[in-house]
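Chain by chain, the residues:
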Amino acid sequence: MSRLIIVSNRVAPISEGGPAAGGLAVGVYDALKETGGMWFGWSGEVVASGQPQLQLVEQGPVTFATIGLARRDYDQYYRGFSNATLWPAFHYRADLIQYDRHDFEGYWRVNTWLAQQLVPLLRPDDVIWVHDYHLIPFAQALRSAGVRNRIGFFLHIPFPAAQVLLAVPPHRALVEALCSFDLLGFQTQADVRAFCDYVVHEGGGEVAGGEQGAPVVAGAPAHVRAFGRSLRAAAYPIGVYPDEIAQLAKAGARGKSVRLMRQTRHERKLIMSVDRLDYSKGLVERFRAFEHLLDQVPACRNNVSFVQIAPPTRADMHAYQDIRLRLESELGRINGRFAELDWTPIRYIHRQYERSVLAALFRESHVGYVTPLRDGMNLVAKEYVSAQDPDDPGVLVLSRFAGAADELTGALIVNPIDIDGMAQALSEALAMPLADRRARYRDMMAQLRSNNVSVWRDTFLRDLAQGGQLPAERAPG
Ligand code: ADQ
C-alpha cells in the first residue's frame, strides 16, 4: 500500500495516542495510521535566528515532520499573503484585502522552500495530500523539483466567485498553480462551480463532466484542462464523527461546566454559539439580531440567555483587533441596555474548552446559533447537531453561507445580514414543538452519519488514486 503524506500549514499538536484536536486532525490521523505515512508542515514556532531545522518524530507508523519559520517568512507567508490577502478574498471580503507584492513573493518562496524540505523524504509511490490556502503553490514547487507522485489538494475555505478572485492581483498565478495538482477537493458544489467558472472564463481552459448540478456530494469529478495540465475537481464536504460527539456530550452532561451552566441559567432557555473570533463568522450581526429579538419579543427578556464562546485568533492583525473592538462595543451596549440584577443577556467568553465540554454545552442549549457571513463548511454546526439529546433536541439556526447549509437542511436557514430574519428564526427555534425538533434532528443526523469524516477522507483518497486523465486522452480500447 502507498504511504500517505499529509501536508498542512500547521501539523496538529500531538498528544499520546494522536492529535488532541478534532474533525480534520482526527480523520487524517486515522488514515495515516492505516496506511503509514507522514504529516509534514510548520511546527508553529517562529525562529528568531539561524536556519530552521526539520524535526522528525516517529509515532508507530506515522512520522511527524515539522519545521519552524523565520520571522520574515512568518510575516510574509502566514500573516501577510495567506491571512491578509487570501483569507479575506476567499471569504468575499474584497474590502479587507491587503496586498503587498513582497508578501506574495514571500508566500511563493516559503512554499518552494517547504517543498524542498519534503522532497528528500519522499518515496516514488507516496500519495501526497496538501491542505488549504497557505499551500496553493506547493504542487507546482514539487513538480519543479522533479516530483511525479500523485498530489491532491483540499481547500477548507470557500473558493470565491471569479469577480472576487480578480481583486487578488496574482490571481492567475494562483489558479495556474492549483492546476499542478491531480485532484482538487472543495467543500461545496458552489466552490467547484466558482473554480470551473474561473478556469473557463479567465484561464482559457476547458471543463467537462462532473456533477455540477448535484446539491451535496459529487459523484464523478469534473475534468479540467487548463494551463497545459489535466486535473479533476469535485466537492468533498468535510464531516465529523457524529456518534462519538454524541457520546462525549452525554458523558459531559454530568461534568462541572454543565452543572455550573444549569445553576446560573435557572429555567432560562439557552442560545449557544462557538467560533474562532474572526470577521468571517458574522458575530456583530448575530449580537444585533439577538438584541432585536429582545426588542421585539419582550417575553424573551430575562427568559433567554445567549452564550458566545469566541477564542481570539490572529490577534496580531489589524482586522482582528478591529472586529474584537466592534464586538466588545456592541456587547457592552446590548448588555447595558437589557441586563437585570440577576441576568446578563449575552455571556461572551474567550476561552478554549475541551471538546467534551463544548459537546455537553451544545447538548444543554436549546438553540445552536451558527451564522457566518461565509464559511467553507463550519464544523460547529455539525458538532451542535451531533451533540443533541435525541429525545429532546435543540434547534440549529444556520447561515445559508456556511457550506454546512447544503447538508443540514433541517436547520432554520438564515441570511446572516438580515437582522430581522435572524431574530424571527431565533424566536421560531425557541418555540418549536418537540415533534418538529425531533424530525429535523433525525434528518440531519442521518446525513451526518452518511457523510462522516471517514467518508470525506476515503472518497477523496479513492478519487486521487484513480488517475486523472481526460477521457479524450485515455488509450483506446
Ligand atoms: P474554522 O474556521 O476554524 O475551520 P470550524 O469549521 O467551525 O471553523 O472549526 C472550528 C473548530 O474549532 C471546531 O471543531 C470547534 O469545535 C473548535 N472550536 C472553536 N472554538 C473553540 C473553543 N473555544 N474551544 C475549543 N474548541 C473550539 C476551517 C474553515 C471551516 C471548515 C474547517 C474544516 O474555515 O469552514 O469547516 O476548516 O474544514
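Remarks on the environment of Pro88
- Note on placement: Pro88 falls in helix α2 (residues 71-90).
- Here the alpha-carbon distance between Pro88 and Gln98, two residues 10 residues apart in the chain, equals 8.6 Å.
- Once residues lying within four places of it in the same chain are set aside, the contact partners of Pro88 are Asn83, Arg93, Leu96, Ile97 and Tyr279.

Details of the site of the ligand
- Contacts to the ligand come from 21 residues, most closely from His156, Tyr353, Asp375, Leu379 and Glu383.
- Contacts to the ligand include Met377, whose backbone N or O atom sits 2.9 Å from an oxygen atom.
- Contact distances for the ligand include 2.8 Å between an oxygen atom and a backbone N or O atom of Leu379.
- Notes on the ligand: free accessible area 720 Å², of which the protein chains cover 85%.
- No other element matches the 3 residues that helix α13 (residues 379-386) contributes to the shell around the ligand.

Describing the pairing of strand β11 (residues 222-226)
- Within β11, 4 of the 5 residues are buried, which leaves it mostly tucked inside the rest of the structure.
- Note that strand β10 (residues 206-209) and β11 share 4 bridges and pair antiparallel. What sits directly across from Gly209, in β11, is Ala222.
- Linking β11 back to strand β12 (residues 229-235) in an antiparallel pair, the connection comprises 2 residues, with Phe227 at a positive phi of about 50°.

Some points on the nonpolar core
- In this structure, Phe138, Phe159 and Phe195 are the most contacted members of the largest nonpolar core, which totals 101 residues.
- For this core, the element with the highest residue contribution is α2, accounting for 9 residues.
- Each of domain 1 (4-239 + 453-466) and domain 2 (242-450) contributes no fewer than three residues to this core.
- Excluding residues that lie within four positions of it along the chain, Phe195 makes contacts with Phe159, Val175, Leu178, Cys179, Leu184, Phe186, Val224 and Ala233.
- Counting 59 residues, the second-largest nonpolar core is a separate cluster that includes Trp129, Tyr384, Trp456 and Leu464.

Examining the environment of Gly255
- Within the element layout of this structure, Gly255 appears in the loop between α8 (242-252) and α9 (256-265).
- For Gly255 and Arg288, which are 33 residues apart along the polypeptide, the C-alpha to C-alpha distance reads 32 Å.

Topic: the pattern of salt bridges
- Across all of its chains, the model carries 30 salt bridges by this definition.
- A cluster of three or more residues bridged by salt bridges with shared partners is formed by Arg288, Glu291, Asp295, Glu330, Arg333 and Arg337.

Quick look at the side chain of Ser82
- By the secondary structure assignment, Ser82 is in helix α2.
- Classification of Ser82 by relative accessible area gives buried; the value is 0%.
- Those residues within four positions of Ser82 in sequence are excluded, and the remaining contacts are Tyr77, Trp87, Tyr107, Tyr133 and His134.

Parameters at a glance
- Along every chain, residues carry numbers that run from 1 in the direction the sequence is written.
- For this predicted model, a pLDDT threshold of at least 70 governs which residues receive local features, and a threshold of 80 or more governs which side-chain atom pairs are given and counted, while totals over whole chains, interfaces and linings are taken from all residues.
- With hydrogens and water stripped out, all remaining heavy atoms of the structure feed into the side-chain values.
- Secondary structure follows DSSP: runs of H or I at least 4 residues long count as helices, runs of E at least 2 residues long count as strands, and numbering of each begins at the N terminus.
- Whether two residues are in contact is decided by their heavy atoms, any of which lying within 4.5 Å being enough.
- Whether a residue is near a molecule or strand depends on its heavy atoms: it is near if one of them lies within 4 Å of it.
- Identification of polar contacts relies on pairs of N or O atoms within 3.5 Å, with a donor-acceptor requirement for protein atoms, meaning one able to donate a hydrogen and the other able to accept it, and with residues adjacent in sequence counted only if both atoms are side-chain atoms.
- Accessible surface is estimated by sampling points in the Shrake-Rupley manner with a 1.4 Å probe; for residues, cover comes only from the protein chains shown.
- Under the scheme applied here, a residue whose accessible area is under 20% of the maximum for its type counts as buried, over 50% as exposed, and between as partly exposed, the area being computed with a 1.4 Å probe on protein chains only.
- Here, strands pair whenever DSSP counts at least two bridges between them.
- Only buried residues count toward a nonpolar core, which is a set of Ala, Val, Leu, Ile, Met, Phe, Trp, Tyr and Cys residues joined through side-chain atoms within 4.5 Å.
- As annotated, the domain borders come from an automatic or database domain assignment.
- Salt bridges are defined as contacts in which a side-chain nitrogen from Lys or Arg sits within 4 Å of a carboxyl oxygen from Asp or Glu.

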